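Results of the structural survey
Spelled out from the first residue to the last, the chains are:
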Amino acid sequence: MSAPMIEIRGLTKRFGAHEVLRGVDLTIAASEVVCLIGPSGSGKSTLLRCVNFLESYDRGEVRIAGRLIGYEEGPDEIRRPMAPRALREMRREIGMVFQHFNLWPHMSALNNVAEPLKRVRGLAHAEANERAAAMLARVGLADKAHAYPARLSGGQQQRVAIARALAMQPRLMLFDEPTSALDPELVGEVLEVMKSLASEGMTMLVVTHEMGFAAHVADRIAFIDDGRILDDGLPRRVLHESGEPRVQQFLQTYHDRNAF
Amino acid sequence: MNPDVLLRYAPALISGFGVTVLCWGVGGALGLILGFVIALLYRLPFAPLRYLLRAVIEAVRGTPFLVQLFLLYAGGPYIGLKLSATAAGMVGLGLYSSAYFAEIFRGGFAAVPVGQIEAAMSVGMSPRDTMLRVTLPAALIAAVPPIVNMLIVLSKETVVLSIITVPELMYQMQTMAAETFTAFDAIFAMAVFYWLLIEATSRLGRRVEARVTAFMAQEASPA
């Protein structure tokens, strides 16, 4: 049995005196889609950012396909920061999509996707552009290749961002509230792309407030509160039969807010 | 208004205008280069260097340009720095503006959203590529409007060079006024020349600005 795609054990992270993550355990197998839900400030975004080491962690470990990220493992117990080059090599394999898209505003949609291919994957100009164009077509934006981000709607920008991450051919994808900054009518187009990605077998860890997506697309839902995973299981069970009062309370507030 | 006097002094005025533009151009270019280097050094993770640069910037911004120019031109020879009036004027304008340009570039770097850099990190881009392809272009674009503004301010600071006898426009004008007792004509002609220079600069600046920010202009599109 090979190592799980993501294996998080005893993960602890503090910002100053505040402990954001207090011993998180979470395992995600290849091709699994896991949605991470929880109240704001619960540590879900921090947890996600630890997976590609955009955020360093204090104790515990995060392994990608068996390999510890961010630290070198030595024969002794002391761990050293990973060499920057090795960290970059690991990050290439981990796609990330941000809440605020984070496209580079001075590059066209096509160049946003092609740039990492040229700089990181070392593809020639023509080849990079070709793959970038294919990726834009994949997210339904073939006709927007030469538009700059400012001329695109939020939903289109997020789809370009997904194309940028996918073009690198990552082994897994992280989504940090990918639809939270979007107008309600633009959420659907982004979720559709994510749904098709899930159906193709991409390993995905998704921080989201989209309970519909979590219920229908995720293989598992993990509920995090105050830096701890309180529940983790099949969507239906977590959403409807969780034994955790905190989970029920959160979902009740969510339900009340969306009832009309 | 006396057309004969103006006509007689036209060659001197035009040559003065040329010297003004030259000093402004060389001084501004020097200031931009130096300011950019200071802003880059400022980003190095070495605190003592930062304190030093901060002290220099504050000293330059905290004293009048006239004083700095005197120090450079009259005080320079005491430390073996002998410059002609025009050279001292150019170097002076360069040093003076470098402090402001350094702050402008620093602001440009600070204006780059951290998310854009994180996006580069998340795809595994090297620090060098991140700097050259993501941070630097965004920082320079953000810096264009304040750079144009500072260049306009600097063009007017060139009048101070007349005090150390650089034969620029102000100097020629004063000569003309003293020799012909036509103060009004002289000042009027000078105003026209400076206005021409500044109008040309700000028009050019607006074009550059429009050019580099065109693709970033937010169209009325749904969020």
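Residues numbered from 1 in each chain as written. Chains lettered and ligands numbered in written order. Predicted model: local features only at pLDDT ≥ 70, side-chain atom pairs only at ≥ 80, totals over all residues. Heavy atoms only, no water.

**Some points on the overall build of chain A**
The condition is simple: Starting at the N terminus, helices and strands are each numbered in turn, a helix being any DSSP run of H or I of at least four residues and a strand any DSSP run of E of at least two. Computation of the radius of gyration draws on C-alpha atoms alone. For the globule rule, the value is 2.2 Å times the number of residues to the power 0.38. With a 1.4 Å probe rolled over the protein chains alone, any residue whose accessible area is under 20% of its type maximum counts as buried; one over 50% counts as exposed, and the rest are partly exposed. Contact definition: two residues touch when any of their heavy atoms are within 4.5 Å. Note that accessible areas follow from Shrake-Rupley with a 1.4 Å probe, and for residues the cover is restricted to the protein chains shown. Here Asp and Glu are counted as negative and Lys and Arg as positive; His is not counted, and neither are the chain ends. Where a charge lies is defined by one atom per residue type: Lys uses NZ, Arg uses CZ, Asp uses CG and Glu uses CD.
Within chain A, the secondary structure is distributed over nine helices and twelve strands. For a compact globule of 260 residues, the expected C-alpha radius of gyration is about 18 Å, and chain A comes in at 19 Å, within 12% of that figure. Taken along the three principal axes of its C-alpha coordinates, chain A extends 60 × 55 × 40 Å. Within chain A, the proportion of its 260 residues that are buried is 57%. Contacts spanning at least 24 positions in sequence make up 63% of the contacts within chain A whose residues lie at least 6 apart. Summed over all atoms, the accessible surface of chain A reaches about 11,300 Å², with 48% contributed by carbon and sulfur. Charge separation in chain A, taken as the distance between the mean sites of 32 positive and 33 negative side-chain charges, equals 5 Å.

**Regarding the confidence of the model for chain B**
Residues and elements named next belong to chain B. Operational definition: A residue's pLDDT is the confidence the predictor assigns to it, expressed on a 0 to 100 scale.
Considering every residue of chain B, the mean pLDDT works out to 88; 96% of them sit at 70 or more. When pLDDT is averaged over each helix and strand of chain B, the minimum, 84, is found for helix H8 (residues 183–213) and the maximum, 96, for helix H5 (residues 114–122). Confidence over residues 219–223 falls short of pLDDT 50; this stretch has ten contacts with residues more than four positions distant or in other chains. Prediction confidence for the complex, expressed as pTM and ipTM, is 0.86 and 0.93 respectively.

**Points about the pairing of strand E9 (residues 172–176) of chain A**
Residues and elements named next belong to chain A. Note the following rule: Strand pairing requires that DSSP identify at least two bridges connecting the strands. The definition of a right-handed crossover adopted here requires that, viewed with the strands pointing away, the path from the first strand over the helix to the second runs clockwise.
With five of its five residues buried, E9 lies for the most part within the structure. Alternating residues of E9 divide into Leu-172, Leu-174 and Asp-176 and Met-173 and Phe-175, and every residue in both groups is buried. With four bridges joining them, strand E8 (residues 94–97) and E9 adopt parallel strand pairing. Residue pairing for E9: Ile-94 is matched across the bridge by Leu-172. Relative to strand E10 (residues 203–207), E9 is paired through five bridges, and the arrangement is parallel. Bridge pairing in E10 links Asp-176 to Val-207. In terms of handedness, the path from E9 via helix H6 (residues 184–199) over to E10 forms a crossover that is right-handed.

**A few points about the side chain of A:Thr179**
Along the chain, the position of A:Thr179 falls in the loop between E9 and H6. Not counting chain neighbours up to four residues away, the residues in contact with A:Thr179 comprise A:Val187, A:Val190, A:Leu191 and A:Glu210.

**Looking at the packing of aromatic side chains**
Definition in use: Note on aromatic pairs: the rings of Phe, Tyr and Trp (six-membered ring only in Trp) are paired at centre separations within 6.5 Å, and the planes decide the class, stacked below 30 degrees, edge-to-face beyond 60, tilted for the rest. Throughout this description, the term charge over a ring refers to an Arg CZ or Lys NZ atom that lies within 6 Å of the ring centre and within 35 degrees of the ring normal.
On inspection of all chains with the given rule, the structure shows nine aromatic pairs over all chains. Every member of this aromatic cluster is reached through a ring pair, and the members are A:Phe53, A:Tyr57 and A:Tyr71. Here A:Arg164 stacks its cationic end above the ring of A:Trp104, 4.3 Å away from the centre of that ring. Sitting over the face of the ring of B:Phe109, B:Arg43 holds its NZ or CZ atom 4.5 Å from the ring centroid.

**A short note on the state of the cysteines**
What counts, and what does not: Note that a disulfide, as used here, is simply two cysteine sulfur atoms within 2.5 Å.
A complete count under the given rule lists zero disulfides over all chains for this structure. A:Cys35 takes part in no disulfide bond, and the closest cysteine sulfur to it belongs to A:Cys50, at a distance of 19 Å.

**What about the pattern of salt bridges?**
All names here are of chain A. Note the threshold: For this document, the term salt bridge refers to a Lys or Arg side-chain nitrogen within 4 Å of an Asp or Glu carboxyl oxygen.
According to the stated counting rule, one finds 25 salt bridges over all chains in the structure shown. The salt bridge partner of Arg-121 is Glu-93, with a shortest N-O separation of 3.8 Å. You can see Arg-121 sitting in the loop between helix H3 (109–119) and helix H4 (125–138) and its partner Glu-93 sitting in the loop between helix H2 (84–92) and E8, a full 28 residues away along the chain. For Arg-121, a relative accessible area of 26% corresponds to the partly exposed category.

**Quick look at the pairing of strand E3 (residues 33–37) of chain A**
Residue and element names in this part refer to chain A. Burial analysis of E3 places five of its five residues in the buried class, which makes it a mostly covered element. Burial along E3 is two-sided: Val-33, Cys-35 and Ile-37 and Val-34 and Leu-36, pointing in opposite directions, are all buried. Bridging between E3 and strand E11 (residues 220–225) involves four bridges; their strand directions are parallel. If you follow Cys-35 over to E11, its bridge partner there is Ile-221.

**Some thoughts on helix H7 (residues 169–180) of chain B**
Residues and elements named next belong to chain B. Going by this rule: A helix's residues, less one, multiplied by 1.5 Å, set its expected span. An arc is given here, and it is the one of the directions from the helix axis to the C-beta atoms. Whenever two N or O atoms come within 3.5 Å, that pair is a polar contact, provided that in protein one can donate a hydrogen and the other can accept it, and provided that, for residues adjacent in sequence, both atoms are side-chain atoms.
The terminal C-alpha atoms of H7 lie 16 Å apart, and with twelve residues this matches the ideal 16 Å at 1.5 Å per residue to within 8%. Among the residues making up H7, those that are buried are Leu-169, Gln-172, Met-173, Met-176, Ala-177 and Thr-180. The buried side chains of H7 occupy one side of the element, clustering within an arc of 135° when seen end-on. Away from its buried face by more than 90 degrees, H7 exposes Ala-178 and Glu-179. On its buried face, H7 is in contact with helix H1 (3–42) and H8. Between the side-chain oxygen of the N-cap and the backbone nitrogen of Met-170 there are 3.2 Å, and the N-cap of H7 in question is Glu-168. Positive backbone phi, at 55°, marks Phe-181, one or two positions downstream of H7.

**Here we look at the packing of H1(B) against helix H4 (residues 85–110) of chain B**
All names here are of chain B. For clarity, the threshold we go by: Interaxial angle, 0 to 180 degrees, is taken between N-to-C directions of lines fitted to C-alpha atoms, where a helix line uses only the stretch in contact. In this scheme, roughly parallel covers angles under 35 degrees and roughly antiparallel covers those over 145, while 65 to 115 is roughly perpendicular and the rest are oblique. Two helices that cross are described as forming a left-handed crossing if the nearer one is turned anticlockwise from the farther one by less than a right angle, and a right-handed crossing if clockwise. Residues are grouped as follows: nonpolar covers Ala, Val, Leu, Ile, Met, Phe, Trp, Tyr, Cys and Pro; charged covers Asp, Glu, Lys and Arg; every other residue, Gly included, is treated as polar.
One can describe the packing of H1 onto H4 by two numbers: an axis separation of 5 Å at closest approach and a directional angle of 40°. The orientation of H1 relative to H4 falls into the category oblique. At the point where H1 passes H4, the crossing takes the right-handed sense. Here the contact of H1 with H4 is built from residues that sort into 20 nonpolar, eight polar and one charged.

**Regarding the sheet that holds strand E4 (residues 59–64) of chain A**
The four strands are arranged E2-E1-E4-E5 (chain A) in an open sheet whose pairing can be described as antiparallel. One side of each edge strand has no neighbouring strand; the edge strands of this open sheet are strand E2 (18–28) and strand E5 (67–68) of chain A.

**Concerning the nonpolar core**
How we decide: In plain words, nonpolar cores are sets of buried Ala, Val, Leu, Ile, Met, Phe, Trp, Tyr and Cys residues tied together by side-chain atoms within 4.5 Å.
Ranked by size, the top nonpolar core spans 99 residues in total, and within it A:Ile6, A:Ile162, A:Met173 and A:Met204 carry the most contacts. Take this core: its biggest share by element is eight residues, from H6(A). The residues touching A:Met173, leaving out its near neighbours within four places in the chain, are A:Gly95, A:Val97, A:Ile162, A:Ala165, A:Leu166, A:Leu197, A:Met202, A:Thr203, A:Met204 and A:Leu205. Ranked by size, the runner-up nonpolar core spans 32 residues in total, among them B:Leu53, B:Phe65, B:Ala85 and B:Leu161.

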